[in-house]
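Chain and residue survey
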Amino acid sequence: MEDHTIDNFGEENEGYIKIDRYNTVKTRSISNHYTDILSQLGENPQREGLIKTPERVAKALQYLTHGYDLDPAKILRSAMFKEDYSQMVVVKDIEVYSMCEHHMLPFFGKAHIAYIPNGHIVGLSKIPRIVDAFARRLQVQERLTNEIRDCIQETLQPAGVAVVIECQHMCMAMRGIQKQNSVTTTSAFTGEFAHDRTRAEFLRLITANLH
C-alpha cells in the first residue's frame, strides 16, 4: 500500500495551507532522482555540502508547486460578502513568485488587480492568496494572468476584472539571451475594463504614488 504520510503537516483553512506540507513518498522519490542528477552533473552527492541537498530540493519543489492542491475559487468564496458598492477596488503591488514550466527557473515580480463589484465584495487578503494559488505551479506568465482574471470573474461575477503582471524571468537573465534587466508585462481584462476610460483609470491608479 502506498504511504501517503505527510510530515510538517500544514493546517488547512478556507482553501489554503498556512505552512509547508510534504508528502514523504514524494520527498523520497524526488530525492532519489536528484541524487542521480547530481551524479550526472559530475558532483559527489555524498560530500558534506550535498548529502542532504536532494531532500531539501524535494521539499522545496513541493512547496513551490503546492498550488496544485489549492482551490482558488474556494479561497474567494470563503470571504464573499454582499455589499452595495460599485466602484473600482484595486489591490496593487502583490508579490508574485512562480516557476517557468519551460526551464523550471523562477520568475518573479508584481501583480496589480482590480474588480468592480456587482453585489458582492471579497476580503482583500483573498486576492493575494489566489495569486499565490495559481503562481505556486509550473506556469507561464500569460496563463497565470488569465487564470487569475477568470477565477475572479467566474466566482464573484463582478462588472469587470483587470489584471496586470510585471515579472523578471530567470530563464532570460541567467541563460539564453541573458538580459538581466528585462521585464515582461502581461494584462487581461473583462467587462467594464474593456472600455478605454475604465482601463485608463485602473492603469493610472496602479502607477500612481498615493503615499
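Thresholds applied
- Residues numbered from 1 in each chain as written.
- Predicted model: local features only at pLDDT ≥ 70, side-chain atom pairs only at ≥ 80, totals over all residues.
- Heavy atoms only, no water.
- UniProt positions renumbered as here; feature names shortened; annotations may be inferred.
- Pairing = 2+ DSSP bridges.
- Helix = DSSP H or I, 4+ residues; strand = E, 2+ residues; numbered from the N terminus.
- Contact = heavy atoms within 4.5 Å.
- Axes fitted to C-alpha atoms, helices over the stretch in contact; angles between N-to-C directions.
- Core = buried A, V, L, I, M, F, W, Y, C linked by side-chain atoms within 4.5 Å.
- Buried < 20%, exposed > 50% of the residue type's maximum accessible area, 1.4 Å probe, protein only.
- Expected span 1.5 Å × (residues − 1).
- Arc of directions from axis to C-beta.

Naming follows an unreviewed UniProt entry, where the protein appears as GTP cyclohydrolase 1 of Pedobacter antarcticus 4BY. The Catalytic activity (unreviewed entry) comment attached to the protein in UniProt states, word for word, "GTP + H2O = 7,8-dihydroneopterin 3'-triphosphate + formate + H(+)".

1. A look at the sheet that holds strand β11 (residues 184-189)
What holds strands together in a sheet is hydrogen bonding between their backbones, with the strands either parallel or antiparallel. Read from one edge of the open sheet, five strands run β9-β6-β7-β10-β11, paired in mixed fashion. Across the chains shown, the open sheet's two edge strands, defined by having one partner strand only, are β9 (138-139) and β11. Pairing of strand β6 (residues 89-100) with strand β7 (residues 106-116), which is carried by nine bridges, proceeds in the antiparallel orientation. Bridged to Met99 within β7 is Pro106. Where helix α4 (residues 126-135) meets the sheet, its contacts fall on β6, β7 and β9, and the angle it forms with β6 comes to roughly 20°.

2. So, the nonpolar core
If you look at the biggest cluster of nonpolar residues, it comprises 30 residues, and the most contacted ones within it are Ile113, Ile127, Leu144, Ile148 and Ile152. Contributions of two or more residues to this core are made by α3 (72-77), β6, β7, α4, α5 (141-156) and β10 (160-169). Once you skip the residues sitting within four places of it in the chain, Ile113 turns out to touch Val89, Val90, Val91, Ile94, Ile127, Val131, Ile148, Ile152, Ala162, Val163 and Phe202. Formed by eight residues, the second largest nonpolar core is a distinct cluster that contains Met88, Ala162, Phe202 and Ile206.

3. Observations concerning helix α7 (residues 196-207)
Compared with the 16 Å implied by 1.5 Å per residue over twelve residues, the 16 Å span of α7 between its first and last C-alpha is a close match. Within the span of α7, buried status applies to Thr198, Phe202 and Ile206. Looking straight down α7, one finds that the buried residues subtend no more than 70° of arc, so they occupy a single side. In this structure, α7 carries Asp196, Arg197 and Thr207 as exposed residues pointing more than 90 degrees from its buried face. Where α7 is buried, its residues meet β6, β7, β10 and β11.

4. Some remarks on helix α2 (residues 53-64)
Counted at 1.5 Å a residue, the expected span for α2 with its twelve residues is 16 Å, and the 16 Å between its end C-alpha atoms agrees. Three or more residues of α2 are buried, namely Thr53, Pro54, Ala58, Leu61 and Gln62. Looking at the buried positions of α2, the neighbouring elements they touch are β4 (22-23), α1 (24-40) and β6.

5. Here we look at the UniProt feature "binding site: Zn(2+)" (unreviewed entry) in the protein
In the UniProt entry, the feature "binding site: Zn(2+)" (unreviewed entry) is given for Cys100, His103 and Cys171. Annotated residues spanning 72 residues; largest pairwise C-alpha distance 7.8 Å, indicating a single compact cluster. For Cys100, the contacting residues outside a window of four places in its chain are Leu105, Phe107, Gln139 and Cys171. Locating Cys171 in the fold gives a position in helix α6 (residues 170-173).

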